[in-house]
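Close look at the chain arrangement
Chain residues, written in single-letter form:
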Amino acid sequence: MKNYVRNEKLRNIAIIAHVDHGKTTLVDAMFRQSGLFREGQEVDDRIMDSMDLERERGITISAKNCAVTWKDVKINIIDTPGHADFGGEVERSLSMADGALLLVDASEGPLPQTRFVLKKTFEAGLKVIVVINKIDRKDARTDEVLDEIYDLFIDLDATEEQLDFTYLYAIGRDGVAQKTLEEKGENLHVLFDMIIDEMPAPKYDPDEPFQMLVADLDYSDYLGRLAIGKIFHGEAHQKETLACIDENGDHNPLKVSKLQVYDGLNVRAVDVAQPGDIIVLSGIEDVKIGDTICTKENPRSLKRIVVDEPTVSMRFTINTSPLAGLEGKIVQSSKIRERLQKETLRNVAIKVEYTEERDTFIVKGRGEFQLAIIIETMRREGFELCVGRPEVILKHKNGKKLEPMEHIFVDCDENFMGIVTEKLSARKGKMTNLVNNGKGRVRIEFSIPSRSLIGYRDEFLTDTKGTGILNSYLEGYGEYRGAFPSRFTGSIVSDRGGKAVAYAIFNLEPRGNLFIEPGDPVYEGMIIGEHNRDNDINANPTKEKKLTNMRASGKDESVILSPVKPMTLERAIHFLREDEMVEVTPKSIRLRKTILSAQTRHTMRSAFLKES
């Protein structure tokens, strides 16, 4: 019988919430009220959103750690992403936590991504405190939301202990929390007290030697590779000689060159770290997420972090367009390979496969949004590359073809219910639930293949005039539901290189929606617009007006062009067909055919038609 004790000087909590329910804002307020900043110190909003992409999009992409101290107890806070595409981040961050704070919007209630992260929390056996946030909203419905949370807990098979959760009401933006709706909260002290009183302290066996599970990796120019994780047993000491057990069970020796713990937003060096604390170790180069770091004398591995399998893959390759190398600093396939390899070390949910073609890599992840974030990050780092259409990863079992299925929730105006249902049914979606609350909006649930959602979200926003809300989570694998058209329009493809001319663009506008403006560089095989019909057409965007020496009234009037919507990475990825790619550079996002030559494409199409 193991003799576990608890380290009452510590609490490790994960904060989980759906996107935009106020999680990062609440952490800001916790920082300010715990005395982390001196009075009058200027501090940015959304401190935990450290990446530019997180600040721009208002979402948490990577799990991050920080620590505050309250009544001599150190609280390690693990900020987890609220989006299912970053599920690998959720699983590894929960491995460091002993409890979780669930944040729910007082109007929107628990949404699908909340469900995804909470399911992982229950599987990890963590205790949950619920915070109903934004109670000052005019459309707040706190009692109904509380009932929905209970329903969700029951639906996710919560234990009786987990069902008996404590809850608080909060206005994260103002930094106030209260136990009842009637009382007026002044600060977050009640939340801090509840974390210390209700959340279990980390437990450890005093007779066991040092053991730590690597849950995150970082890199320092001065210290090299950094391993981050929670100490399960024993103490860690500076300059100590330890062993790292990898996935194959091999033991790699390491000497701790620096031992650090979290202090506020930063880390500080210590000589000794207590059991249960989250530490940053340097001194080992070859370490992966899920490895165990332990003593050399008693090497014992902990259970590895297991993440859900990837469901979407994309083809990454070097930029082969005529404009390659003009806008980016990094264009070599070896550098792209190195960068993708680095991504797999830091992100357990990403896998990279190498193909027979030296310049092509298959990158697998949880969803096209996760892969789009990687592409956007690489683009900002100076990379130039081309990426293909996202494809779902199919499985075969007992002679049946299986594909990933999503459970989606649609909240829209009842006037748009017809168009939404029609489009989702055409994409092999099956309606499972419909709720009309009589207030003009409907909530519909569908079971739908993951591939059906690739490119649909933009269409959904257009169909609902920007007022619809669409959320989804992965249900698992189901039987393949058959083919459906992914796009009902074709592409307008440039048949030569040069610079786009206003006269040519003006004459092409009746053919469809154009992506280029006068002066933009074009090349043969580049997609310059979306054709109104379902077939592709070749066009000349560089054609200039024939000049004559005859002048007549109105002959030389300047043309007025329709405004061009700027091309975003997500929009470009959603637009793609199987034979198309996105050319991504630090300055531009262009669409192109995989085979640039119009003659080669024509020959291949003719050969295909003959065969069929």
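Everything numeric in this text was worked out from a predicted model, so none of it was measured. (Residues numbered from 1 in each chain as written. Predicted model: local features only at pLDDT ≥ 70, side-chain atom pairs only at ≥ 80, totals over all residues. Heavy atoms only, no water.)

Our focus in this paragraph is the overall build of the protein. Scanning the protein for helices and strands turns up 15 helices and 37 strands. Across the 612 residues in the protein, those meeting the buried criterion constitute 54%. Long-range contacts, defined as pairs at least 24 residues apart, comprise 71% of the intrachain contacts of the protein with a sequence gap of at least 6. Counting every atom, the protein has about 29,400 Å² of accessible surface; 47% of that belongs to carbon and sulfur. (Helix = DSSP H or I, 4+ residues; strand = E, 2+ residues; numbered from the N terminus. Buried < 20%, exposed > 50% of the residue type's maximum accessible area, 1.4 Å probe, protein only. Contact = heavy atoms within 4.5 Å. Areas by Shrake-Rupley, 256 points an atom, 1.4 Å probe, with all protein chains shown as cover.)

Across all of its chains, the model carries 34 salt bridges by this definition. For Lys 364, the salt bridge goes to Glu 353, with nearest N and O atoms at 2.7 Å. With Lys 364 in strand 22 (residues 360–365) and Glu 353 in strand 21 (residues 351–354), the pair connects residues that are eleven residues apart, well separated along the chain. The closest approach of N and O atoms between Asp 411 and Arg 441, which form a salt bridge, is 2.8 Å. On the criterion of sequence distance, the pair formed by Asp 411 in strand 26 (residues 400–413) and Arg 441 in strand 28 (residues 441–449) is long-range, its members being 30 residues apart. Bridged by salt links that share partners, the residues Asp 536, Arg 577, Asp 579, Glu 580 and Lys 593 form one connected network. (Salt bridge = Lys/Arg side-chain N within 4 Å of Asp/Glu carboxyl O.)

The next point concerns the side chain of Glu 403. Looking at the element boundaries, Glu 403 is found in strand 26. Aside from chain neighbours lying at most four places away, what touches Glu 403 is Leu 394, Pro 449, Arg 451, Gly 476, Tyr 477, Gly 478, Glu 479, Tyr 480 and Arg 481.

Here the focus is the sheet that holds strand 15 (residues 258–263). Through backbone hydrogen bonds, the strands of a sheet pair up, either in parallel or in antiparallel fashion. Ordered by their spatial adjacency, eight strands build an open sheet running 14-13-19-10-11-18-15-16, and the pairing between neighbours is antiparallel. Edge positions in the sheet fall to strand 14 (251–255) and strand 16 (266–269), since each has one partner strand and no second. Sheet twist, expressed as the mean angle between neighbouring strand axes with direction ignored, is 40°. Both strand 10 (residues 211–220) and strand 11 (residues 224–233) contribute to a ladder of nine bridges, which runs antiparallel. Of the residues in strand 11, the one forming a bridge with Val 214 is Gly 229. (Pairing = 2+ DSSP bridges. Axes fitted to C-alpha atoms, helices over the stretch in contact; angles between N-to-C directions.)

Two elements in contact, helix 10 (residues 417–426) and helix 12 (residues 456–463), have axes whose closest approach is 10 Å; the angle formed by their N-to-C orientations is 160°. In this view, helix 10 runs roughly antiparallel relative to helix 12, as classed from their interaxial angle. Every pair of crossing elements has a handedness; the one defined by helix 10 and helix 12 is right-handed. Taken together, the residues of helix 12 that come into contact with helix 10 (itself represented by Ile 419, Val 420, Lys 423 and Leu 424) are Tyr 456, Glu 459, Phe 460 and Asp 463. In terms of residue class, the contact of helix 10 with helix 12 is built from five nonpolar, no polar and three charged. (Parallel < 35°, antiparallel > 145°, perpendicular 65-115°, else oblique. Left-handed = near helix turned anticlockwise from the far one by under 90°. Nonpolar A, V, L, I, M, F, W, Y, C, P; charged D, E, K, R; others polar.)

Our focus in this paragraph is the environment of Ile 195. As for its placement among the helices and strands, Ile 195 is situated in helix 7 (residues 189–198). Distance from Ile 195 to Arg 11, taken between C-alpha atoms, is 7.8 Å for residues 184 residues apart in sequence. Leave out the neighbours within four places in its chain, and Ile 195 touches Arg 11, Ile 13, Met 30, Ile 75, Leu 101 and Ile 129.

Next up on the list: the nonpolar core. If you look at the biggest cluster of nonpolar residues, it comprises 37 residues, and the most contacted ones within it are Phe 210, Met 212, Leu 259, Ile 279 and Ile 293. Tallying contributions element by element places strand 10 first for this core, with five residues. The residues contacting Ile 279, other than those within four sequence positions of it, are Phe 210, Met 212, Ala 227, Ile 228, Gly 229, Ile 231, Ala 236, Leu 259, Gln 260, Val 261 and Ala 273. One finds Ile 336, Ala 372, Ile 573 and Ile 589 within the second-largest nonpolar core, a separate group that totals 31 residues. (Core = buried A, V, L, I, M, F, W, Y, C linked by side-chain atoms within 4.5 Å.)

Another point: the pairing of strand 27 (residues 430–436). Sheet topology note: the strand 27/strand 28 ladder contains six bridges and is antiparallel. Residue pairing across strands places Val 435 opposite Arg 443, the latter belonging to strand 28. Between strand 27 and strand 28, which follow one another and run antiparallel, lie four residues, and Gly 438 among them has a positive phi close to 80°.

Below, the discussion takes up the confidence of the model for the protein. For the protein, the mean per-residue pLDDT works out to 82, and 88% of the residues sit at or above 70. Between residues 37–63, whose pLDDT stays under 50, and residues either more than four places distant or in other chains, the model counts 78 contacts. Within the model, pLDDT remains below 50 along residues 82–87, and this stretch shows 25 contacts once partners closer than five positions in the same chain are excluded. (pLDDT = per-residue confidence, 0-100.)

Here the focus is the side chain of Arg 451. Examined against the element boundaries, Arg 451 turns out to sit in helix 11 (residues 450–453). There is a polar contact of 2.4 Å between the side chain of Arg 451 and the side chain of Glu 403. There is a polar contact of 2.6 Å between the side chain of Arg 451 and the backbone oxygen of Gly 482. Those residues in contact with Arg 451, other than ones at most four positions away along the chain, are Val 392, Glu 403, Tyr 480, Arg 481, Gly 482, Ala 483 and Phe 484. (Polar contact = N/O pair within 3.5 Å; in protein donor to acceptor, adjacent residues only side chain to side chain.)

With respect to the helices, strands and loops of the structure, Ile 560 is situated in the loop between strand 35 (537–539) and helix 14 (569–575). Relative accessible area serves as the criterion here: at 71%, Ile 560 is assigned to the exposed category. Placed 54 residues apart in sequence, Ile 560 and Phe 506 show a C-alpha to C-alpha distance of 7.5 Å.

The next subject is unusual backbone geometry. At Lys 71, a residue that is not glycine, the phi angle is positive and equals roughly 50°. Mapped onto the elements, Lys 71 comes out in the loop between strand 3 (64–70) and strand 4 (73–79). One non-glycine residue, Lys 134, lies in positive phi territory at about 60°. Relative to the helices and strands, Lys 134 resides in the loop between strand 6 (127–133) and helix 5 (142–155). Overall, Lys 134 belongs to the partly exposed group, its relative accessible area being 22%.

With that out of the way, let us pick up the packing of aromatic side chains. Using the criterion set out here, one finds nine aromatic pairs in the structure. The interplanar angle of 75° and the centroid separation of 5.0 Å between the aromatic rings of Phe 122 and Phe 153 together place this pair among those described as edge-to-face. Here Phe 122, found in helix 4 (residues 112–123), pairs with Phe 153, found in helix 5; they are 31 residues apart in sequence, far enough to count as distant. For the pair formed by Phe 122 and Phe 153, the shared burial category is buried. Pairing Phe 165 with Tyr 167 gives two aromatic rings, centres 6.3 Å apart and planes at 65°, and the pair type is edge-to-face. Judged by relative accessible area, Phe 165 falls into the buried class, the value being 5%. (Phe/Tyr/Trp six-rings, centres within 6.5 Å; stacked < 30°, edge-to-face > 60°.)

Turning to helix 5, a few remarks are in order. Compared with the 20 Å implied by 1.5 Å per residue over 14 residues, the 20 Å span of helix 5 between its first and last C-alpha is a close match. When we look at burial in helix 5, the residues that qualify are Thr 142, Val 145, Leu 146, Ile 149, Leu 152 and Phe 153. Buried residues of helix 5 fall within an arc of 120° about the axis and therefore sit on the same side. Opposite the packed face of helix 5, turned more than 90 degrees from it, sit the exposed residues Asp 143, Asp 151 and Ile 154. Two residues or fewer after helix 5 comes Asp 157, characterised by a positive phi angle close to 60°. (Expected span 1.5 Å × (residues − 1). Arc of directions from axis to C-beta.)

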